[in-house]
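Observations on the three-dimensional arrangement
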Amino acid sequence: MKKIIWKKSAAVFTAAMLTVSLCGCGKKESKDSFEPESSQPATVADGQEGSQSEGSFDPNSDRIRNKTSEIENILNNYFYFEQDPEKQEEAYFDGILNGMDDPYTVYYTPEEYEKLMEDDSGTYVGIGATVSKNVETNQIYIVKPLKGSPALEAGLLPGDVLMEVDGTEVTADMTLEEVVKIIRGTEGTEASLKVYREGETQPMDFKITRAVVENVTVEYEMLEGNVGYIMVSEFIENTPAQFKEGVDDLIGQGAKALVVDLRNNPGGLLTSVIDMLDYMVDDDLQAEGASSKGLLLETRDKNGKVLESFSCKDGHKVDIPMAVLVNGNSASASEIYTGVMKDYGLAVIVGTNTFGKGIVQSVMKLSDGSGIKFTVAKYFTPAGNDIHEVGIAPDKEVELNEGLEKLVVIPHDQDNQLQEALKELAK
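These numbers were taken from a predicted model, which means no experiment stands behind them. Starting afresh in each chain, residues are numbered from 1 along the sequence in its written order. Local features in this predicted model are restricted to residues whose pLDDT is 70 or higher, and side-chain atom pairs enter the listing and the counts only when it is 80 or higher, whereas totals over whole chains, interfaces and linings include all residues. Side-chain measures were taken over the full set of non-hydrogen atoms in the model, leaving aside hydrogen atoms and water.

1. Thoughts on helix 7 (residues 270–280)
Of all eleven residues making up helix 7, nine are buried, and the element is well covered by its neighbours. Throughout this description, buried means an accessible area under 20% of the type-specific maximum (1.4 Å probe, protein chains only), exposed means over 50%, and partly exposed covers the range between. What counts as a helix is a DSSP run of H or I of at least four residues, what counts as a strand is a run of E of at least two, and both are numbered from the N terminus. Taken together, the buried positions of helix 7 are Leu 270, Ser 272, Val 273, Ile 274, Met 276, Leu 277, Asp 278, Tyr 279 and Met 280.

2. Considerations on the pairing of strand 10 (residues 161–165)
Side chains on a regular strand alternate between the two faces of the sheet. Strands were regarded as paired on the criterion that DSSP finds at least two bridges between them. Here four bridges tie strand 10 to strand 12 (residues 190–196), and the two strands are oriented antiparallel to one another. Bridging across to strand 12, Val 165 finds its partner in Leu 193. In terms of strand pairing, strand 10 meets strand 11 (residues 168–169) through two bridges, oriented antiparallel. Following the sheet pairing, Glu 164 is matched in strand 11 by Glu 169.

3. Considerations on the nonpolar core
Put simply, a nonpolar core is a bunch of buried Ala, Val, Leu, Ile, Met, Phe, Trp, Tyr and Cys residues held in one set by side-chain atoms that sit within 4.5 Å of each other. In terms of nonpolar packing, the biggest core is built from 44 residues, with Phe 243, Leu 258, Val 273, Met 280 and Tyr 337 touching the most fellow members. If you look at the next biggest cluster of nonpolar residues, it comprises 20 residues, including Ala 129, Val 165, Val 170 and Val 179.

4. Quick word on the packing of helix 7 against helix 8 (residues 333–343)
Contact geometry for helix 7 and helix 8: axes closest at 9 Å, N-to-C directions at 20°. When the axes of helix 7 and helix 8 are compared, the pair comes out roughly parallel. Seen from above, helix 7 lies across helix 8 with right-handed handedness. Where helix 7 abuts helix 8, its residues Leu 270, Val 273, Leu 277 and Met 280 lie against Ala 333, Ile 336, Tyr 337, Val 340 and Met 341. Tallied by class, residues from the contact of helix 7 with helix 8 come to nine nonpolar, no polar and no charged. Comment: axis = line fitted to C-alpha atoms, over the contacting stretch for helices; angle = value between 0 and 180 degrees taken between N-to-C directions. When describing relative orientation, an angle under 35 degrees is termed roughly parallel and one over 145 degrees roughly antiparallel, while 65 to 115 degrees is termed roughly perpendicular and anything else oblique. In this scheme the handedness of a crossing depends on how the near helix is turned from the far one: anticlockwise by less than a right angle means left-handed, clockwise means right-handed. In what follows, residue pairs with any heavy atoms lying within 4.5 Å of each other are defined as contacts. Residues are sorted three ways: Asp, Glu, Lys and Arg are charged, Ala, Val, Leu, Ile, Met, Phe, Trp, Tyr, Cys and Pro are nonpolar, and all the rest, Gly among them, are polar.

5. Overview of the packing of helix 6 (residues 239–252) against helix 7
For the pair helix 6 and helix 7, interaxial distance at closest approach is 9 Å and the crossing angle is 25°. If you check the angle between helix 6 and helix 7, you find them roughly parallel. Here helix 6 runs over helix 7; the crossing is right-handed. Taken together, the residues of helix 7 that come into contact with helix 6 (itself represented by Thr 239, Pro 240, Phe 243, Lys 244, Val 247 and Asp 248) are Ser 272, Asp 275, Met 276, Tyr 279 and Met 280.

6. Description of unusual backbone geometry
The residue Asp 166 is not glycine, and still its phi comes out positive at about 50°. Note that Asp 166 resides in the loop between strand 10 and strand 11. The phi torsion at Asn 226 lies on the positive side, around 60°, for a residue other than glycine. In this structure, Asn 226 sits in the loop between strand 15 (218–223) and strand 16 (227–232). Given a relative accessible area of 37%, Asn 226 falls into the partly exposed group.

7. Some thoughts on a negative patch on the surface
In this scheme, patches are assembled from residues that exceed 30% relative accessible area and form no salt bridge. Like charges are connected within 9 Å, while nonpolar side chains (Val, Leu, Ile, Met, Phe, Trp, Tyr) are connected within 5 Å. We get accessible surface area from the Shrake-Rupley algorithm with a probe of 1.4 Å; when it comes to residues, only the shown protein chains can shield them. Put simply, a salt bridge is a Lys or Arg side-chain nitrogen that is within 4 Å of an Asp or Glu carboxyl oxygen. His residues and chain termini do not enter the charge count, which takes Lys and Arg as positive and Asp and Glu as negative. Lysine's charge is taken at NZ, arginine's at CZ, aspartate's at CG and glutamate's at CD. A cluster of acidic side chains, namely Glu 82, Asp 84, Glu 86, Glu 89, Glu 111, Glu 114 and Asp 368, defines a negative patch on the protein surface. Looking at the negative patch, the elements that each hand over two or more residues are helix 2 (85–98) and helix 3 (110–121). By the element assignment, Glu 89 lies in helix 2.

8. Observations regarding the confidence of the model for the chain
The pLDDT value expresses, per residue, how confident the predictor is, ranging between 0 and 100. Residues at a pLDDT of 70 or more form 86% of the chain, whose mean pLDDT is 86. Segment residues 9–52: pLDDT under 50, and 325 contacts once partners within four positions in sequence are set aside and those in other chains are kept.

9. Examining the side chain of Asn 327
On the secondary structure map, Asn 327 appears in the loop between strand 21 (322–326) and helix 8. Here Asn 327 falls in the buried class, since its relative accessible area comes to 13%. Identification of polar contacts relies on pairs of N or O atoms within 3.5 Å, with a donor-acceptor requirement for protein atoms, meaning one able to donate a hydrogen and the other able to accept it, and with residues adjacent in sequence counted only if both atoms are side-chain atoms. A polar contact of 3.0 Å, which involves the side chain of Asn 327, links it to the backbone nitrogen of Asn 329. Other than its neighbours up to four places away in sequence, Asn 327 contacts Arg 263, Asn 264, Thr 352, Asn 353, Thr 354 and Phe 355.

Below you can see the structure in the form of structure tokens.
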């Protein structure tokens, strides 16, 4: 069974957010619940088998078998420490996926796969913080602690760089998944974190008790002037229901305009973002350059062939002025939402250029309970735009005022990006 994810690679200290990954901020993100960056499970068609491409890796070739045997003989005769066959086996499978030279293609042990599925369901055991990996510096850092989480109560802040977790040094070659795996654990146990915080001369130590974290992915409120505000932190299974409830409630309260805040949202499940867009877009509209009315997204393989096309079908629309807030951490599924609203001219996009993850991963469960995530396609917005490694430029570019990025919650009256969005809506 495979699952499609649309995330950047973000992790929320639950440690397992990877599925079709619509995640992608020049950094890899995840949560101590795995951004990270996934759609509904899909099965391979009966009788359908993948064909081996010419020149592909063949583990059964004489050259590979002979070299493997040579290495094993050397280790069996000379390796000083006791060998762990189970670890060697997992490392072998890890190596196959790492050899694809794609940061979004990874192997999951049965335990990791189970945690991944758990995260997308909306609850997990962890410290409750979104983490990301900066692909330029290879540092893994806190994007934000979740509201009401152990991480927030302990005092972690956005931008804190992880140096150690439970005595294990966080090195540049560690994947986001490896770090999140260490952070997660059993409810009631303590996670020890050492972090670097800009402005501090010494590393900071935190002791955080792991707990069951419910992933509330949507928060909303009514602002002055009858403007509804909805913040979406990621796209998982429970997100569409929370989002629709928020939209309906705000409109019921008399909202005349709507701001959707996708800043620092690493992405998530493809099915979730499509469901939410379907609720917002009129199926009778046609974006400039789109092949059909109500088109939301197309995925295409490496030869340009359309694999899947997603269009409106629920007959619902929201017909009030809207704005979408984005930044460099808005990735994958967030970019799909942003791209659709921009292509249809349904919202003004405010903030900074988005991350630029326009590729799709699929997660497939293997027969022994383990799983693999691998890149299968690129996605294209209704107007046919390829945003991979490019991102989406805002209609109104506004950098967040210096210092505000360190705040877990930015007061609305100090949030210059939000204030600019409100000005645009007032026009």
